[in-house]
Amino acid sequence: MNPVYIAGAGMTKFGRSEWSLMKLASVASLSALHHANLGEIPVDGIVVANMGAARVNRQTALGSALVDQLALYPATAEAVENGPASGASAFKVGCQAIASGMADVVLVTGVERMRVVNGLEGTDFVASLAHPEAEYIYGVTLPSLAGMFARLVMDRFGVERKHLAMVAIKNHENGTKNPYAHIQQTVTMEGILTAPEAAVNNPPIAEPLHLFDCCPVSDGAASVVVVSESVAAKLGGPKVRVAGIGQATDTHAVHDREDPTDLKSVRLASEKAFSMAGVGPSDVDVAELHDAFTILEIAESEAAGFFPRGEGHLALERGETRLDGKLPINPSGGLKAKGHPVGATGVAHFVELTWQLRGEAEGRQIKDAAIGYACNFGGFGNNVVATVLRREA
Amino acid sequence: MAHVSELEASLRPPAMEMPPYPPKVITLASGEEMVVRQVDRKEIPTLLEAIYPLLWVERDFYDIVAARLFGELLAFKRYRVKDEYVLAGLIDGVLAGMVNGRLVDAKTGMSYHTLTIRRGLRVGSHLFAAKMEYHIEHCGQEEVLIVAESPIGFRRWMIEYPLEKRFEVQHELGGVPSWVLPSETYYAAKPRLVSGRRPVSEELMRGAAGIVLPAEETVVRQVAGEKEEAE
């Protein structure tokens, strides 16, 4: 298998955008292409990640549309829809094209424009990933699944609401250092949990999850340029190698799992990615996890192997996942503060990690970051892509 | 009150005795303290200055809310509306939002507008609750007539409280079929939606004595969201 490198990364500010779907995708793509500085080197193909455009934007065939927007013909063009894991799945497809030798340069762009519909419709569109007969028809939504999951994890491992609040506080703080983050606002333990007014400031969404335990609904796009070794050598500059990719699936309906608190797909995908990269969780300098809900950051940090099972919240409490901690998690602000335009989220993980590994993350830069890990959590853990990136001299 | 000519007096609506709104302080999600206090007529020009740039912000119907509110506050300043009051939310003295309404009679209140400048911290929700608190608890009214001019307002008022339909009554805001918050519903919702502590410390009150306006650019950016720029 041929080595794969990320040569460029770019994104739009996540948030609520008045730009069209294609404008979002184009701006992120141009930003990544500019960052890669390809010169005369042609783009062989593009892969677009998206979950809901067919439904909420009435647009399909996004790969073909983006090729046209960017005038990149005759590049190959695909679109990947894999729920919230669309971003990392599209990235995997791009990497496979390079690794197989079928292409030397592939542009991977994730995009979503969700704020064109109201909150109820947006929630329903995302809920359509749930099992149609066992979950969706009973009104299950992602917040409700996450609420039930959180209840089980809290009962079993002693996680408390204060730990969920700690994730929110940390990621909001990180988000203020990321100009691309949807939410640029710090929150405090007093304001969201302990003050008498906290009950009004932070109302329940799906108990025990409250407003500040849930990511915002965002518009946005993120893009990376993956290249072959020969192209990476021509470009020079800092090299970020795609060291390992792992993917694993689990039952569609969460209740079919032997232990619903065990994020088996995260565990298996991570093991594969680490094995391929030849490193372990303790080698990771910076991680971007899929904290669509605060509880997921804690649970994924354990399933990925960073902390023993049931101890992720203790590591959080000790400050180990802060920007200045042993293993900074979600320096970008995570989905919680950076935002969650579903199809763009997985690609945005790679954008942040690329900037971190190249030393370009400015106010949130992790010193000497050399190995990065990303977890793109699809469905409610039924399709997960884990990736390890490594800086090379 | 200064001397008013007979003609001017005849142009003014008759006024009822209105109790003052006792200021309170609310800790926001950010940990910042927001003082909610009544706005004096003399301070209205400052609020008008804050509202003015929002007249052209279409997002979330700020334009219609700003335009109507501008007129309502001007009418308050120039004594052309009956029994209006205005409350403001101030963080370190800086205007975070405002609400207004008026008393129709001793028993019924009429909610006008809620305009949030500092978004994302439920400032509007807190200020709307303060407005309901004023009508029901301080003025002793039995109900408040309410409409929403944006989907956000509809979610906050009609659904969260929840309000009852009073569609046979046309609300003063555009003749839209009215909704109503009866006092029983207010008290039922109070533990969930109404917050704040009294008395406000002297230090906080000193900080909230004036109204500091955020820069016009800041107001528009906070309300409309930052525009993305191509990299």
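This section reports on the structure supplied with the text. (Residues numbered from 1 in each chain as written. Chains lettered and ligands numbered in written order. Predicted model: local features only at pLDDT ≥ 70, side-chain atom pairs only at ≥ 80, totals over all residues.)

### Examining the overall build of chain B
Put simply, the rule reads: Per the convention used, a helix needs a DSSP run of H or I reaching at least four residues, while a strand needs a run of E reaching at least two, with both numbered from the N terminus. Each radius of gyration reported is based on C-alpha atoms, and the globular scaling rule is 2.2 Å times the count of residues to the power 0.38. Any residue surrounded by 20 or more other C-beta atoms within 10 Å of its C-beta is treated as buried, while 12 or fewer makes it exposed and the intermediate range makes it partly exposed; C-beta atoms here are placed from the backbone. Whether two residues are in contact depends on their C-beta atoms, placed from the backbone: they are in contact if these lie within 7 Å.
Looking only at helices and strands, chain B features eight helices and eight strands. Relative to the compact-globule value of 17 Å for 231 residues, chain B shows a C-alpha radius of gyration of 17 Å, a close match. In terms of principal-axis extent, the alpha carbons of chain B reach across some 60 × 40 × 40 Å. In chain B, which comprises 231 residues, the proportion classed as buried is 40%. Considering only intrachain contacts with a sequence separation of at least 6, the fraction spanning at least 24 residues in chain B is 67%.

### Some remarks on the overall build of chain A
Helix and strand content of chain A: 15 helices and 11 strands. Compactness check: chain A gives a C-alpha radius of gyration of 19 Å against a globular reference of 21 Å for 393 residues, within 12% of the reference. Its C-alpha atoms give chain A principal-axis dimensions of roughly 60 × 45 × 40 Å. Taking all 393 residues of chain A together, 61% fall into the buried category. Put simply, of all contacts in chain A between residues at least 6 apart along the chain, 77% involve residues at least 24 apart.

### A few points about the interface of chain B and chain A
Just so we agree on the cut-off: When residue character is reported, Ala, Val, Leu, Ile, Met, Phe, Trp, Tyr, Cys and Pro are called nonpolar, Asp, Glu, Lys and Arg charged, and the others, Gly included, polar.
Each side of the interface is counted separately: chain B has 19 residues, and chain A has 26 residues. Counting only elements with at least two residues in the side of chain B that touches chain A, the list comes to β1 (24-27) and α6 (183-193) of chain B. Residue classes in the side of chain B that touches chain A are distributed as six nonpolar, eight polar and five charged.

### Some words on helix α6 (residues 142-157) of chain A
Residue and element names in this part refer to chain A. Selection criterion: Multiply 1.5 Å by the residue count of a helix minus one, and that product is the helix's expected span.
Spanning 16 residues, α6 covers 22 Å between terminal C-alpha atoms, matching the ideal 22 Å at 1.5 Å per step. Looking at α6, one finds that the buried residues are Leu142, Ser144, Leu145, Ala146, Gly147, Phe149, Ala150 and Val153. Check the buried side of α6 and you find it contacts α5 (119-127), β5 (204-206), β6 (209-210) and α12 (294-303). Once α6 ends, the next one or two residues include Gly158, with phi positive near 75 degrees.

### Brief notes about the packing of helix α2 (residues 44-51) of chain B against helix α3 (residues 62-77) of chain B
Residues and elements named next belong to chain B. We count it as follows: Lines fitted to the C-alpha atoms define the axes, with helices restricted to the stretch that makes contact. Angles between their N-to-C directions range from 0 to 180 degrees. Angles are sorted into four bins: roughly parallel if under 35 degrees, roughly antiparallel if over 145, roughly perpendicular if 65 to 115, and oblique for all others. Handedness of each helix crossing follows the sense of rotation of the near helix against the far helix: counterclockwise by less than a right angle gives left-handed, clockwise gives right-handed.
Interaxial distance between α2 and α3 falls to 10 Å at its minimum, and their mutual angle equals 165 degrees. Classified by the angle between their axes, α2 and α3 sit roughly antiparallel to one another. Considering the relative orientation of α2 and α3, their crossing is left-handed. Within the contact between the two elements, α2 uses Ile44, Leu47, Leu48 and Ile51 and α3 uses Ala66, Leu69, Phe70, Leu73, Leu74, Phe76 and Lys77. Looking at the contact of α2 with α3, its residues break down into 10 nonpolar, no polar and one charged.

### Re the sheet that holds strand β2 (residues 33-38) of chain B
Whenever strands of a sheet pair, they do so through backbone hydrogen bonds, lying parallel or antiparallel. Residues and elements named next belong to chain B. Stated precisely, the cut-off is as follows: Note: two strands are recorded as paired if DSSP finds a minimum of 2 bridges between them.
Spatial strand order, β1-β2-β3-β4-β5-β6-β8-β7: eight strands in an open sheet with mixed pairing. Whereas interior strands pair on both sides, the edge strands pair on one side only; in this sheet they are β1 and β7 (164-170). Strand-to-strand twist of the sheet, defined as the mean angle between neighbouring strand axes without regard to direction, takes the value 30 degrees. As paired strands, β2 and strand β3 (residues 84-91) are joined by five bridges and run antiparallel to one another. From the neighbouring strand, Val36 faces β3, where its bridge partner is Gly89. With respect to the sheet, helix α4 (residues 123-138) is in contact with β1, β2, β3, β4 (94-103), β5 (108-116), β6 (143-146) and β8 (177-182), its orientation differing from that of β4 by roughly 35 degrees.

### Some points on the sheet that holds strand β9 (residues 286-288) of chain A
All names here are of chain A. Strands sit in the order β3-β2-β4-β7-β1-β8-β11-β10-β9 across an open sheet of nine strands; the sheet is mixed. A single partner strand is all that each edge strand has here, and the edge strands are β3 (76-80) and β9. Within this sheet the neighbouring strands show an average axis-to-axis angle of 25 degrees, counted without direction. Two strands pair when backbone bridges link them, and strand β4 (residues 105-113) and strand β7 (residues 219-228) are joined in this way by nine bridges, in the antiparallel orientation. Across the sheet, residue Val108 finds its bridge partner in β7, namely Val224.

### Brief notes about the pairing of β6 of chain B
Residue and element names in this part refer to chain B. Put simply, the rule reads: Clockwise travel from the first strand over the helix to the second, with the strands pointing away from the viewer, marks a crossover as right-handed.
Every second residue of β6 is oriented toward a common face, with Glu143 and Leu145 on one face and Val144 and Ile146 on the other, all of them buried. Note that β5 and β6 share three bridges and pair parallel. Following the sheet pairing, Gly109 is matched in β6 by Val144. Handedness of the crossover joining β5 and β6 through α4 is recorded here as right-handed. In this sheet, β8 lies alongside β6 in antiparallel orientation, the contact comprising four bridges. The partner of Glu143 across the bridge, within β8, is Pro182.

### Details of the packing of helix α1 (residues 21-36) of chain A against helix α3 (residues 62-70) of chain A
All names here are of chain A. In the contact formed by α1 and α3, the axes pass within 10 Å of each other and the chain directions differ by 60 degrees. In terms of orientation, α1 lies oblique with respect to α3. Like other packed secondary-structure pairs, α1 and α3 cross with a definite hand, here right-handed. Every residue of α3 that contacts α1 at Met22, Ala25, Ser26 and Ser29 is listed here: Ala65, Leu66, Gln69 and Leu70. Taken together, the residues of the contact of α1 with α3 sort by class into five nonpolar, three polar and no charged.

### Observations regarding the pairing of β2 of chain B
Residue and element names in this part refer to chain B. The buried count for β2 comes to five of six residues, which makes it a mostly enclosed element. Pairing between β1 and β2: four bridges, direction antiparallel. For Lys24, the partnering residue across the bridge sits in β2 and is Val36. Here β1 folds back onto β2, and the loop between the two strands holds five residues, one of which, Gly31, carries a positive phi near 90 degrees.

### Observations regarding unusual backbone geometry
A cis amide bond links Tyr73 of chain A with the next residue in sequence, Pro74 of chain A, at an omega value of 10 degrees. Along the polypeptide, Pro74 of chain A turns up in the loop between α3 and β3. The amide bond that connects Tyr161 of chain B to the next residue, Pro162 of chain B, takes the cis arrangement and shows omega of -10 degrees. Take Pro162 of chain B: it is sitting in the loop between α5 (151-159) and β7.

Functional significance is not addressed by these values, which are geometric in nature.
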